[in-house]
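Next come the chains, spelled out residue by residue.
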Amino acid sequence: MRSGWGAWFARRISLSLLTLFLLSLVVFAGGQLLPGNVGRTILGPLADARAVAALNHQLGVDRPAIVQYLGWIGGLLHGNMGESLEFRSPVAPFIGAALVKSLKLAAVAFMIVVPLSIGGGVVAALKAGTAIDRTISLAGLSLTIIPEFVSSIVVILLFGIWLRILPISASWPEGAGPLDQLRHLIPPAIPLVVIQFGYIARMARAGTIEALEADYTRTAILKGLPRALVVQRHVLRNALLPTITVIATQTAYLVGGLVVVETLFRYQGIGSLILTAARGKDFPMLEGGILTVGAVYIGATLIADALAVLVNPRLAPEMTG
Amino acid sequence: MSAGTTTSDAGPLAELTGDMPAEAEEPTRWAVLRRSGTFWSGTTIIGFWALAAIFGPRVVPWDPYATDLLHELAPPSAVHWFGTDQLGRDIFSRVIVGSRDILTIAPLATLLGTIVGTTLGLAGGYLGGLVDTLLGRIIEVLISLPLIIVALLALVALGLSSVTVVIVIGLVFAPLIARTVRAAVLGERALDYVAAAELRGESALAIMFIEIMPNVMGPILVETTVRLGYAIFTVASLSFLGFGIQPPSPDWGLAIAENYGVIAGGYWWTVAFDAAATASLVVGVNLFADGLHEALAA
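Residues numbered from 1 in each chain as written. Chains lettered and ligands numbered in written order. Predicted model: local features only at pLDDT ≥ 70, side-chain atom pairs only at ≥ 80, totals over all residues. Heavy atoms only, no water.

Moving on, we come to the overall build of chain A. Of regular secondary structure, chain A possesses 12 helices and 0 strands. The N-to-C order of helical and strand elements in chain A reads α-α-α-α-α-α-α-α-α-α-α-α. On the principal axes, the C-alpha backbone points of chain A span a range of 85 × 60 × 35 Å. Buried residues in chain A amount to 48% of all 321 residues. In chain A, the share of contacts with a sequence separation of at least 24, taken over all contacts with a separation of at least 6, comes to 71%. Total accessible area on chain A stands at roughly 15500 Å², and carbon and sulfur atoms take up 68% of it. (Helix = DSSP H or I, 4+ residues; strand = E, 2+ residues; numbered from the N terminus. Buried < 20%, exposed > 50% of the residue type's maximum accessible area, 1.4 Å probe, protein only. Contact = heavy atoms within 4.5 Å. Areas by Shrake-Rupley, 256 points an atom, 1.4 Å probe, with all protein chains shown as cover.)

Time to look at helix α12 (residues 283-311) of chain A. For α12 of chain A, built from 29 residues, the straight-helix expectation of 42 Å at 1.5 Å per residue is met to within 8% by its first-to-last C-alpha distance of 42 Å. Most of α12 of chain A sits inside the fold, with 21 of its 29 residues counted as buried. (Expected span 1.5 Å × (residues − 1).)

Time to look at the interface of chain A and chain B. Facing 47 residues of chain A, the contacting portion of chain B comprises 37 residues. Summing both partners gives a buried area of about 3700 Å² for chain A against chain B, and 81% of it is carried by carbon and sulfur. Broken down residue by residue, the surface that chain A buries against chain B is led by Ile145, Phe149 and Ile153 of chain A, which jointly contribute 16%. Our count for the chain A to chain B interface comes out at 0 salt bridges. Our count for the chain A to chain B interface comes out at 3 residue pairs in polar contact (both at pLDDT 80 or more). Taken together, the elements giving at least two residues each to the side of chain A that touches chain B come down to α1 (2-33), α7 (148-162), α8 (178-213), α10 (227-264), α11 (270-279) and α12 of chain A. Taken together, the residues that form the side of chain A that touches chain B break down as 35 nonpolar, 8 polar and 4 charged. (Buried area = accessible area lost by both parts, 1.4 Å probe. Salt bridge = Lys/Arg side-chain N within 4 Å of Asp/Glu carboxyl O. Polar contact = N/O pair within 3.5 Å; in protein donor to acceptor, adjacent residues only side chain to side chain. Nonpolar A, V, L, I, M, F, W, Y, C, P; charged D, E, K, R; others polar.)

Scanning the entire structure with this criterion turns up 17 aromatic pairs over all chains. With centroids separated by 6.0 Å and ring planes inclined at 65°, the aromatic side chains of Trp162 of chain A and Trp268 of chain B adopt a geometry described as edge-to-face. Taken together, the residues Trp162 of chain A in helix α7 and Trp268 of chain B in the loop between α12 (252-259) and α13 (269-297) connect one chain to another. Relative to Phe273 of chain B, the ring of Trp268 of chain B lies with its centre 5.9 Å away and its plane at 50°, an arrangement referred to as tilted. (Phe/Tyr/Trp six-rings, centres within 6.5 Å; stacked < 30°, edge-to-face > 60°.)

Residue and element names in this part refer to chain B. Summing up the model confidence of chain B, the mean pLDDT is 83 and the portion of residues at 70 or higher is 90%. Across chain B, the secondary-structure element scoring lowest on mean pLDDT is helix α1 (residues 12-16), at 42, and the one scoring highest is helix α5 (residues 99-127), at 92. Ignoring residues within four places in sequence, the model shows residues 1-23, a span with pLDDT below 50, making 22 contacts including any to other chains. (pLDDT = per-residue confidence, 0-100.)

With that out of the way, let us pick up the domain arrangement of chain A. All names here are of chain A. We note that the domain assignment places domain 1 (2-77) and domain 2 (93-320) within chain A. For domain 1 versus domain 2, the separation of C-alpha centres amounts to 31 Å. Of the residues lining the interface, 23 residues belong to domain 1; the matching set on domain 2 comes to 17 residues. Summed over both sides, the interface of domain 1 with domain 2 buries roughly 1800 Å², with 76% coming from carbon and sulfur. When the buried area of domain 1 at its contact with domain 2 is split by residue, Trp5, Trp8 and Arg12 rank highest and sum to 33% of it. Summed over the shared surface of domain 1 and domain 2, the number is 1 residue pair in polar contact (both at pLDDT 80 or more). Counting only elements with at least two residues in the side of domain 1 that touches domain 2, the list comes to α1, α2 (38-43) and α4 (65-77). Considering every element that reaches the side of domain 1 that touches domain 2, the biggest residue donor is α1, with 17 residues. (Domains from an automatic or database assignment.)

Here's what the structure looks like:
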């Protein structure tokens, strides 16, 4: 069993690396090849042609694409993500700081959404077909499709302006303690929770229903075990497995949501860093930010798959693809 | 999915045998759709905004672009039903007319994505091989990035305009639509009518588009309506971020971006109605998609 898992894991890692490589190609193409003339894009249509050529040479974008790519990827492997065009200093520290802030926000969002949505999904499954089930399922599905900037506005208006119980900016004052930081992170976490709830609850509901209908559950019930014990011991364990995978895939959507939420709540995370870089046409910063986001997602799915297979080795063959 | 013959050379015998169940199926699906509250509430909401987009500019009480600096940030009243924004523009008129741009760009992007995605999905599913492998990898990379971020990167690289927004969203959606179409095609490929067409010597193109495509229209239709919901979501979010619809359009996402700076002062009406309009449209499209999905699954 162990060696099988090791082999599976090795294959899974190589697939992740392949995806990461393709991602780097996409990001490189988007950041350095598609703009055509990077110098012209930065300096604008009125700039002198010689200034554009000089800037292109200085940035190294007048070299052949393959040379540029190798230079860029080589730098990345040494932890050098290039130099910001806007700040004239290395990109990596900016991204590191922003990533830490975003992870804090994401952690708060996950701490709220995971228990809430799994609980909601399991309750819906145990009461399948009733009004409670329909309410949870319908609310989840409707909330999932509301853009984050809409739910953020509702949160700001409701809690920040009318009730005045939560701050409307996520940036805490200098030297704020963990509790104060948490208080500032709850408002931006709510829109992220709202959008995640439906997906995770749906998976938890489906997993629970499948487990409820499984033979081992019937056996346990026929054996005379009390319902609470059956649910606790047999149903939940099996139901929550697919949910782990969904939570990992949700990180990608989460980061997409971060762009909007961090902007609205004025929080300097990776999402607002990417947006600022995009607005300022700061290509190295933009590429570094996007690649980081992609790497985080690929890493999260890898860990989730590994966890799922570790808990249930029978899944291994179907998860290599 | 019914596997009825779709070619014109189906004789009277085919009508007696193969096509009978397929025809008997149609009314039940239609009946499910007709009785579907989900479908009709979605249709009503979409219909309302479509009418607003078409006739809005002619029926709204105020010029949505006219600024009135003497009445800026006026609260809702009998004169300005939804109040006015920072430039004194009538918010009710702007919300109604604000449906125009998003209801043009999002459907166009979806259409482009559907055409490209269906072609890729048919090719991947029917031809298999390299096309299929390549498609799988592209999807893998695409889903590892949030849609908004891919769109940001492409829009910065290609330059901002309504046309690039349509192209970028359409092309990002294409592989995702292709995945659904491919799965449906795989189910059809093994059926006899495809083998028969191959024996008749029909070209691969004819088999893909004339034989297989009509039989996978159901999944394509559902996928398209679902994607339309996401397209509206994405265009609205991009406009909010400044990378979608551009000023002075009364677009909802743009209006929220322009006004959310002043809501701390209590001017809630400058964003609340635009937020509600955005929410109603995405919910409407999703209700429509759900209703359609239920009916086709029946």
